[in-house]
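Analysis of the macromolecular model
Okay, here's what each chain looks like letter by letter:
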Number of protein chains: 2
Amino acid sequence: MPDLAREIAQDILERLRRSKVQVPLGISNRHVHLSQAHWDLLFGRGSQPSKLRQLRQPGYYACHETVGVEGPKGRLDALRVIAPHRPKTQVELARTDAFSLGLEAPVAGSGKLEGAAPVKIYGPKGSIEVAEGLIIPMRHLHLSPEEGKALGLKTGDMVRMRAGIGGPRELVFEDVLVRVSSEFALELHVDSDEANAAWLKNGDFVHIT
Amino acid sequence: MPDLAREIAQDILERLRRSKVQVPLGISNRHVHLSQAHWDLLFGRGSQPSKLRQLRQPGYYACHETVGVEGPKGRLDALRVIAPHRPKTQVELARTDAFSLGLEAPVAGSGKLEGAAPVKIYGPKGSIEVAEGLIIPMRHLHLSPEEGKALGLKTGDMVRMRAGIGGPRELVFEDVLVRVSSEFALELHVDSDEANAAWLKNGDFVHIT
């Protein structure tokens, strides 16, 4: 068999193998990460976030505390605060939510706030304006190092994911960013617009394709 | 060339030809069609809908009049009424909107209201409860008979559509229903969740693939 044919055959086999892996879906609902300084302004210096439930990502938890966010066209309330605090405040919304506020925000990976949209945040003790604070989270595939090795995937790779098989809105997400970390477990993260477009719910299985 | 190989080659050429057609996108925003009897209850017998703007689909227009819709978890206001009236009342929302009302509704083609979700509708003169009134519109490709002929497509065919090329969220919609009518012009209709998932706006070009 010539080299090219062998390469193509190997690629097909590799893809078939990956496509059999059931990847659970996790939907990113709208939420907020706060810096310590912004927490102090919104909830009062000395107050502490109170844990509501553990998140899948180790160490992070959703808090009982919520905030409101506002743009030129509207306001959304009851956005969950995620703790522990981060170096920079970051609001993550679906594009549908951002439009309802009258805001256009870029798709960005967590922490990539250059070019993020300006947003006002309201808490029980005060409000803040964050010049670069609002992003639409970029979909991505979490893998543990073991899973990455087994699938031949590393951080920064791009894969295609097929979602909603058997449902009324099957689709294929192109360019899904791979992230490998010992803190991660196999899971595709999409936002609520992407989940609703493919008619998915949390825990549904999707496939690398 | 054996028959199978010829068939495959022809299929590839046909697909390549189709994929070069630029199909403009039309986003279905949430809206309501009313029956005459329901219009009378909501806006008052004898009143007439007042035209705001023509829609692409010949004969239909968006009205100045709007209604509110309500479910167990919330309410949405300012839903545009589309006229002329239809035999049956039909509310069309994105799944994100339906969830915000606390309602689960099926994906359905226009007029296919069996199994549609119950919904309350409010107008300036009264309110109604529609037992089977709420659907999530099924994405579909409109073609004129000439366009259908040129592309080898007829009503009921299913195609795949690639959307968002060059953007941050390219994806492929599987199972897009084809509808051919002398009242239609080439256009893919998706709802706002699907448009936002693929990072699209009205008039963007998508492709049969």
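Sequence order sets the numbering: in each chain, residues are counted from 1 along the sequence as written. Chain labels run from A onward and ligand labels from 1 onward, assigned in the order the entries are written. For a predicted model such as this one, the threshold for reporting local features is a pLDDT of at least 70, and the threshold for listing and counting side-chain atom pairs is 80 or more; totals across whole chains, interfaces and linings nevertheless cover every residue. The side-chain values count all of the structure's non-hydrogen atoms but skip hydrogen atoms and water molecules.

Along chain A, the regular secondary structure elements total five helices and 14 strands. The principal-axis extents of the C-alpha atoms in chain A amount to approximately 70 × 35 × 30 Å. Exposure classes here rest on a 1.4 Å probe applied to the protein chains alone. A residue is buried below 20% of its type maximum, exposed above 50%, and partly exposed in between. Counting the 209 residues in chain A, one finds 50% classified as buried. Residue contacts are defined here by distance: any two heavy atoms, one from each residue, within 4.5 Å place the two residues in contact. A separation threshold of at least 6 residues defines the contact pool for chain A, and within that pool the share at least 24 residues apart is 66%. Counting from the N terminus, the helices are DSSP H or I runs at least four residues long and the strands are E runs at least two residues long.

This part takes up the relation of the copies chain A and chain B. When the copies are overlaid, the least-squares fit takes in C-alpha atoms only where the residue has pLDDT of at least 70 in both copies. Overlaying chain A with chain B gives an RMSD of 0.0 Å, the required rotation being 180° about an axis along which the chain moves by 0.0 Å. A rotation of that kind, with that shift, is consistent with a two-fold axis. Most of the interface of chain A is mirrored in chain B: 100% of its interface residues are interface residues there too.

Take the nonpolar core next. Grouped burial of nonpolar side chains is what soluble globular proteins tend to show. Put simply, a nonpolar core is a bunch of buried Ala, Val, Leu, Ile, Met, Phe, Trp, Tyr and Cys residues held in one set by side-chain atoms that sit within 4.5 Å of each other. Of all hydrophobic cores here, the largest spans 46 residues; its most connected members are L141(A), L188(A), L141(B), M161(B), F173(B) and L188(B). When residues no more than four places from it in sequence are discounted, the contact partners of F173(B) are E170(A), L171(A), R139(B), V159(B), R160(B), M161(B), A163(B), L188(B), V190(B), E194(B) and A198(B).

Turning our eyes to something else, we now look at the interface of chain A and chain B. Between chain A and chain B, the residue contacts involve 27 residues of the former and 27 residues of the latter. Buried area counts how much accessible surface, traced with a 1.4 Å probe, disappears from two parts once they are put together, with both parts' losses summed. Across the interface of chain A and chain B, roughly 2300 Å² is buried in total on both sides, 49% from carbon and sulfur atoms. Ranking the residues of chain A by area buried against chain B places R95(A), R169(A) and W199(A) at the top, with a combined share of 29%. One salt bridge in this structure joins D191(A) and R169(B), with 2.6 Å as the shortest N-O distance. Two N or O atoms form a polar contact when they lie within 3.5 Å of each other; inside protein one atom must be a possible hydrogen donor and the other a possible acceptor, and for residues adjacent in sequence the pair counts only when both atoms belong to side chains. One can count 17 residue pairs in polar contact (both at pLDDT 80 or more) joining chain A with chain B. Breaking the side of chain A that touches chain B down by element, the ones donating at least two residues are α3 (95-101), β9 (127-137), β11 (158-163), β12 (171-180) and α5 (192-197) of chain A. For this classification, the nonpolar set comprises Ala, Val, Leu, Ile, Met, Phe, Trp, Tyr, Cys and Pro, the charged set comprises Asp, Glu, Lys and Arg, and every other residue, Gly included, is treated as polar. Of the residues assigned to the side of chain A that touches chain B, the class counts are 14 nonpolar, two polar and 11 charged. Relative to strand β12 (residues 171-180) of chain B, β12(A) runs antiparallel, the two sharing three bridges. Paired with L171(A) across the bridge in β12(B) is F173(B). For this document, the term salt bridge refers to a Lys or Arg side-chain nitrogen within 4 Å of an Asp or Glu carboxyl oxygen. A pair of strands is treated as paired once DSSP finds two or more bridges between them.

Another point: unusual backbone geometry. The peptide bond linking A83(A) to P84(A) adopts the cis configuration, its omega dihedral lying at 0°. Structurally, P84(A) is set in the loop between β5 (74-83) and β6 (90-92). The phi dihedral of A78(B) falls on the positive side, at around 60°, and the residue is not glycine. One can find A78(B) in strand β5 (residues 74-83).

What follows deals with the environment of E65(B). Residues and elements named next belong to chain B. If you trace the backbone, E65 turns up in strand β4 (residues 61-71). Measuring from C-alpha to C-alpha, the distance between E65 and K51 comes to 8.7 Å, with 14 residues separating the pair along the chain. Setting aside chain neighbours within four positions, we find E65 in contact with W39, F43, Q48, P49, S50, L79, R80 and V81.

What follows covers the side chain of H189(A). Residue and element names in this part refer to chain A. Following the sequence through the fold, H189 ends up in strand β13 (residues 187-191). A residue is classified by how much of its surface remains accessible, and H189, at 16% relative accessible area, is buried. There is a polar contact of 2.8 Å between the side chain of H189 and the side chain of E187.

Residues and elements named next belong to chain A. Domain segmentation is taken from an automatic or database assignment of domains. Once the domains are mapped, chain A shows domain 1 (21-26 + 139-208) and domain 2 (29-137). Here domain 1 and domain 2 have C-alpha centroids that lie 24 Å from each other. Between domain 1 and domain 2, the contact holds nine residues from the first and 10 residues from the second. A combined buried area of about 810 Å² lies between domain 1 and domain 2, and 42% of that area is made up of carbon and sulfur atoms.

Before going further, it helps to spend a moment on the packing of aromatic side chains. Residue and element names in this part refer to chain A. Each Phe, Tyr or Trp ring, with Trp reduced to its six-membered ring, pairs with another whose centre is within 6.5 Å; inter-plane angles below 30 degrees give stacked pairs, above 60 give edge-to-face pairs, and intermediate values give tilted ones. Enumeration over the complete set of coordinates arrives at two aromatic pairs over all chains. Centroid distance W39 to F43: 4.2 Å. Interplanar angle 20°. Geometry classified as stacked. One end of the pair, W39, and the other, F43, are both in helix α2 (residues 36-43), four residues apart, so they sit about a helical turn from each other. The burial state of W39 is the same as that of F43; both residues are buried. Over the ring of Y122 we find R75, and its NZ or CZ is 4.3 Å from the ring centre. We call a charge positioned over a ring when the NZ of a Lys or the CZ of an Arg lies within 6 Å of the ring centre and within 35 degrees of the ring normal.

Along the chain, A37(B) falls in helix α2 (residues 36-43). Linking A37(B) and A116(B), residues 79 residues apart in sequence, is a C-alpha distance of 19 Å.

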